[in-house]
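Summary of structural features
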Protein chains: 2
Amino acid sequence: MSTRTLRVPAPVNAHSHAFHRILRGRTHQGVDGGAGNFWTWREQMYAAAAGLTPAAYQQLATAVFAEMVVNGYSAVGEFHYLHHDANGLPYAGEEAHGMELALARAAQAAGIRLVLLDTCYLQGGLDSAGGVLELNQTQRRFSDGDVSGWLARHQALGAALADLDAGQGLLSLGAAIHSVRAVSPVELGQIAAGLDPALPLHVHLSEQPVENASCQAAYGLSPTQLLQRTGLLGPRLSAVHATHLTAEDIAALGAAGAGIVICPTTEADLGDGIGPARELADAGAVLCLGSDQHAVLDPYLEQRGLEYGERLRSGERGRFAPAEISAAAREGGLRSLGLKDNADHLLVRTGSARTIGSRTAQLPLTATAADIAEVHINGTLVASDGIHTTLGDPADLYTAFFTEHPEFS
Amino acid sequence: MSTRTLRVPAPVNAHSHAFHRILRGRTHQGVDGGAGNFWTWREQMYAAAAGLTPAAYQQLATAVFAEMVVNGYSAVGEFHYLHHDANGLPYAGEEAHGMELALARAAQAAGIRLVLLDTCYLQGGLDSAGGVLELNQTQRRFSDGDVSGWLARHQALGAALADLDAGQGLLSLGAAIHSVRAVSPVELGQIAAGLDPALPLHVHLSEQPVENASCQAAYGLSPTQLLQRTGLLGPRLSAVHATHLTAEDIAALGAAGAGIVICPTTEADLGDGIGPARELADAGAVLCLGSDQHAVLDPYLEQRGLEYGERLRSGERGRFAPAEISAAAREGGLRSLGLKDNADHLLVRTGSARTIGSRTAQLPLTATAADIAEVHINGTLVASDGIHTTLGDPADLYTAFFTEHPEFS
């Protein structure tokens, strides 16, 4: 193979739930041979969440972030709601922010830029008639009780992260609202009024038709309309998925200049559907990409997933020019996470059996993570040919995690 | 990384156009920034076809088949219509079957089992009013003039292939009808009556809505109905794509026990759409998988593409159990190509960063070709870790091809 490489800006992973990696390759077959749907998958995800401690999560997240880095991701927006202990009680004293700092230390070990999208999650959901559900046992780990409780913890977390970062520029704080299912309209308004407007703010939006139906039943509004009505639409907001939208929703998100985090491999894996990415971009929204549940960690598969989804729904090719796809992977992600461009980059092999012959601009349609020769983050070489410079092969980190924590095996 | 591997049956690639590999990474951006649709892509594909000679095609196909082998494919159904020279004249004398034997020699070099689906292609297509189009300059390379011309060449080719194979069991002859666009109803009936019923027979079917519309306009029938009416539906027939079908089409293909070759990465790349794979299987059809234009060559991406397509169109997960996906990749392909099971197998790394933690049955949803440690075909180790045992790195074969044939660069 030719040793020729091309320097390209390194992708940003704008939506991650690190612990979902535990579920990879485990939810595709139910006891009856089937594998259910998004909602039955969510039960399995809750079961995985229930057992995590700060120490276990740091070990797991170190492996996940290392897997991200060797596959070319330079930054990650970690949408984090697993705040409290198994009884729903806050980590306190020396253990304060235990789960959050576990993620931060994992990012430092892996050398990836982390934006911790610390998430507000206050109610258990909406039923089909629009009624509010109580938090279940697992969800009690997610809740700070009310918006002021979340804001207080969030503010303290910002200081703790800055201390830990110590000027290295690897850790920063963002915010998230889990969804209109998990936060009430009054609380959404409180967040709009109370949250530092300089912070990036993410929200799961209309991933499943059921969310739209229950939001309509509860409030007579689509989730997008509810965000608009409560003052949350704007350029600092990123809507994750945005799969099932009305024309009015698209226009509102576009007019607001919102970010849209498309997660192609997850949206296929969970049967979410294909969202109106082209229409959103045309309306003025700014696209970015996320790996979400990490069914795979390969920024190239996400990039072509964006375009392939468009082709499947439209019957046309070239819905996004290759440069638009690359921009979603990098510039869109930086903007969505409030990060400056610091020249993080990859060297990609243009002479592999996969890539040879491709026009270089079209590599997002032909390369895979296996073609990445080098990953440079914050001016440092962090990985070469699938091996992390300081942590080695991420597979060994997973082996240690599963061995030391057989409850997740 | 753990050296643990799992032995699994090796996938079969039931639909290939080897020369389409030239187009990889070259058709995603038009002069206007867009990339057109299936039909504009076809113009680029014809341009690539126009320049191929037997010598050049042997060199190219050797690289393509080597890339298939290192990525785990043990057998290939080559849907081949590039029969004659650039003027449409048959290769004769010492050069008889020049293009076909180029493919056969390439398969021998790569050690892949080849079923040469020698294709009947007699007219240039159907216009939107159902009128028959003349063959264009490139298409003249495809045509044998009439069915008896095709059958005569086809029969002679069988003998030539058997001679070349010399009992090694690597080469066999199959047949194909390009599509209802390229062969008239009368000719379809002649093929049904005249072709050896023991041979596998493939046909492109309803890949694009335009084919359905022009077939309706010409004959008042869907393509499936036309195949049924002309006596071609049956278990030896494999319909490639079968994307845009009516309920009656699905029932007819199922009742016939036909093979259905789904080509997930190509159907996404070309904007074909997502076909009714689950309904076809439920009706009695037998699914298999093909890489078609080789936008990528990775049997795992095709396998999960089959299931992900279903999830996207249905909103449900587990539309195919993992064992059904694996069966489409192997048993379905063997049946479709008329091949016996000879224990071709892979050793797949179950402890890579990608695969560790997966249940082994669910590897089709988590592995990629990069996880393949060894490929065994016909009792021989033919590739290890992306390197072909006798041919080396397929990238070097492509480098030689593009260097020696700058007209394809």
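Presented here is an overview of the structure given in this document.

Each value, and the rule that gives it
Residues numbered from 1 in each chain as written. Chains lettered and ligands numbered in written order. Predicted model: local features only at pLDDT ≥ 70, side-chain atom pairs only at ≥ 80, totals over all residues. Heavy atoms only, no water. Helix = DSSP H or I, 4+ residues; strand = E, 2+ residues; numbered from the N terminus. Rg over C-alpha atoms; globule rule 2.2 N^0.38 Å. Buried < 20%, exposed > 50% of the residue type's maximum accessible area, 1.4 Å probe, protein only. Contact = heavy atoms within 4.5 Å. Areas by Shrake-Rupley, 256 points an atom, 1.4 Å probe, with all protein chains shown as cover. Lys, Arg positive; Asp, Glu negative; His and termini not counted. Charge placed at Lys NZ, Arg CZ, Asp CG, Glu CD. Least-squares fit on C-alpha atoms with pLDDT ≥ 70 in both. Disulfide = S-S within 2.5 Å. Axes fitted to C-alpha atoms, helices over the stretch in contact; angles between N-to-C directions. Parallel < 35°, antiparallel > 145°, perpendicular 65-115°, else oblique. Left-handed = near helix turned anticlockwise from the far one by under 90°. Nonpolar A, V, L, I, M, F, W, Y, C, P; charged D, E, K, R; others polar.

1. Details of the overall build of chain A
- Counting secondary structure elements, chain A contains 13 helices and 15 strands.
- Expected size for 409 residues packed as a compact globule is a radius of gyration near 22 Å; at 20 Å, chain A falls within 12% of this value.
- For chain A, the spread of C-alpha atoms along the principal axes amounts to about 60 × 50 × 50 Å.
- A buried classification covers 64% of the 409 residues belonging to chain A.
- Here the analysis covers contacts within chain A between residues at least 6 apart in sequence; of these, 77% occur between residues at least 24 apart.
- By element, 55% of the accessible surface of chain A is carried by carbon and sulfur atoms, the whole surface being about 12,900 Å².
- A distance of 7 Å separates the average location of the 26 positive side-chain charges in chain A from that of its 43 negative side-chain charges.

2. Focus on the relation of the copies chain A and chain B
- When chain A is fitted to chain B, the residual RMSD is 0.0 Å, and the transformation amounts to a turn of 180° plus an axial shift of 0.0 Å. What the superposition gives is, in effect, a two-fold axis relating one chain to the other. Taking C-alpha positions as reference, the residue of chain A nearest the rotation axis is alanine 370 of chain A, located at 3.6 Å.
- Comparing interface residues between copies, 100% of those in chain A also lie at the interface in chain B; the contact surface is shared.

3. Remarks on unusual backbone geometry
Residues and elements named next belong to chain B.
- Positive phi, normally seen in glycine, also occurs at aspartate 292, with a value near 55°.
- Considering the arrangement of structural elements, one finds aspartate 292 in the loop between β11 (286-289) and α11 (299-314).
- The phi dihedral of aspartate 385 falls on the positive side, at around 50°, and the residue is not glycine.
- Of note, aspartate 385 is situated in the loop between β14 (380-384) and β15 (387-388).
- For aspartate 385, a relative accessible area of 47% corresponds to the partly exposed category.

4. Brief notes about the state of the cysteines
All names here are of chain A.
- Per the counting criterion, the structure on display carries zero disulfides over all chains.
- Not part of a disulfide, cysteine 215 finds its nearest cysteine sulfur in cysteine 120, a span of 16 Å.
- Among the residues examined, cysteine 215 registers a relative accessible area of 0% and is labelled buried.
- Cysteine 263 supplies the cysteine sulfur nearest to cysteine 288, a cysteine that is in no disulfide, at a spacing of 8.5 Å.
- Taking relative accessible area as the criterion, cysteine 288 reaches 1% and is therefore assigned buried.

5. Some thoughts on the packing of α11 of chain B against helix α12 (residues 322-337) of chain B
All names here are of chain B.
- As a packed pair, α11 and α12 sit with axes 10 Å apart at the nearest point and diverge in direction by 130°. Taken together, the axes of α11 and α12 are oblique relative to one another. The two elements α11 and α12 meet at a crossing, and its hand is right-handed. On α12, the residues that touch Gln303, Leu306 and Glu307 of α11 are Ile325, Ser326, Ala328 and Ala329.
- For the contact of α11 with α12, the class distribution of residues is four nonpolar, two polar and one charged.

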